[in-house]
Amino acid sequence: MVVPPGTREAYEANRWTGFKNTIENFIVDNVEYSIVNVVEQTVATRTYLGTDTELVFSATVTTPQGADFTIVHIGDNTFNSKGLTSITLPEGLTSIGDQAFKNNALTAITLPEGLTSIGSQAFLSNSLTSVTLPEGLTSIGDEAFAYNSLASITFPEGLTHIGEEAFRENSLTGVTLPEGITTIPQFSFKNNKFSSYTIPSHIESIGKEAFYKSLGFKRMSTAMAIFENQPQALEWGLVNES
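Structure report, in brief. Residues take numbers from 1 onward in each chain, read along the sequence in its written order. Residues qualify for local features only when their pLDDT is at least 70, as the model is predicted, and side-chain atom pairs are given and counted only at 80 or more; totals for whole chains, interfaces and linings, by contrast, use all residues. Remark: hydrogens and water are excluded; side-chain values derive from all non-hydrogen atoms of the structure.

Attention shifts here to the pattern of salt bridges. A carboxyl oxygen of Asp or Glu within 4 Å of a side-chain nitrogen of Lys or Arg is what we treat as a salt bridge. Using the criterion set out here, one finds 3 salt bridges in the structure. The partner of arginine 46 in a salt bridge is glutamate 32, with the nearest N and O atoms 3.5 Å apart. Placement of the pair is arginine 46 in strand β3 (residues 42–48) and glutamate 32 in strand β2 (residues 31–37), with a sequence separation of 14 residues. On the accessibility criterion, glutamate 32 (18% relative accessible area) is buried. Between arginine 168 and glutamate 169 there is a salt bridge, with its nearest N and O atoms 3.8 Å apart. Accessible area is worked out with a 1.4 Å probe on protein chains only. A residue is then buried under 20% of its type maximum, exposed over 50%, and partly exposed in between. Residue classification places arginine 168 among the buried positions, given a relative accessible area of 16%. The numbering of helices and of strands both runs from the N terminus, where a helix is a DSSP run of H or I of at least 4 residues and a strand a run of E of at least 2.

Right under this line is the structure:
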């Protein structure tokens, strides 16, 4: 019998007892998992207990009782500060939690199709030079890729949210923002290597110091960025004529 995390006592209190195959959390290959959905047989990672620095995940994991579950979520802090140098993520993954891979030594990551969200600080402070974002991705959290070595990034067309400081302290020389992004949050591309930047006409607001030092200026109000639609930028107050 499979029960959601934290519910075993409630089942036993209601006389659901005597089952040898009751599953709550379980450990396979030094990774602890918790049940996300019993009916759909999906799980999330909780904790990494091992010392291997190169990890490869299959789409499913088999419980000690022999049931196959699909891995759909990497839990918060699962691989935080574990010395990882490479990881292959499972197909079927839909979300990555906060600080999931923070403070490791990853140099490249390919995110699987079907992934829709990346949590805050998910890949903060690695050594990433290459990231492949899937087409279905819609949200990138605050500081998700900050303090890496990314020289380029391609955003999927369906992306609608980039968090504050998401790509701070990298080596980006330019980005193309998809139509779904209407706001450039504060510090989102701070301290990169932009020589110039054309603000797309669909951008409605720009946060504080979004390109600080990237363009060699202290704040966006004084940066020599170019707006595709100058009258619109004036109307929205993104620039002034003085």
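Our next topic: the nonpolar core. We define a nonpolar core as any set of buried Ala, Val, Leu, Ile, Met, Phe, Trp, Tyr and Cys residues linked to one another through side-chain atoms lying within 4.5 Å. Counting residues in each nonpolar core, the largest one holds 52 residues, and the members touching the most others are Ile96, Phe101, Leu111, Phe123, Phe145, Phe155 and Phe167. For this core, the secondary-structure elements that each account for two or more residues are β1 (26–28), β2, β3 and β6 (68–74).

Another point: the side chain of threonine 78. With respect to the helices, strands and loops of the structure, threonine 78 is situated in the loop between β6 and β7 (86–88). Whether two residues touch is decided by their heavy atoms; if any such pair falls within 4.5 Å, the residues are in contact. The contacts of threonine 78, once residues within four sequence positions are left out, are Thr45, Arg46, Thr47, Tyr48 and Ala100.

Judged by how many residues are buried, β3 sits mostly within the fold: 5 of 7 residues are covered. In this scheme, strands are said to pair when DSSP sees at least two bridges between them. Bridge count between β2 and β3: 6 bridges; the pairing is antiparallel. Note on β3: the bridge partner recorded for isoleucine 35 is valine 43. Where β2 folds back on β3, the antiparallel hairpin that results is connected by 4 residues, among which glutamine 41 adopts a positive phi of roughly 55°. Bridging between β3 and β6 involves 4 bridges; their strand directions are parallel. Across the sheet, threonine 42 pairs through a bridge with threonine 70, a residue of β6.

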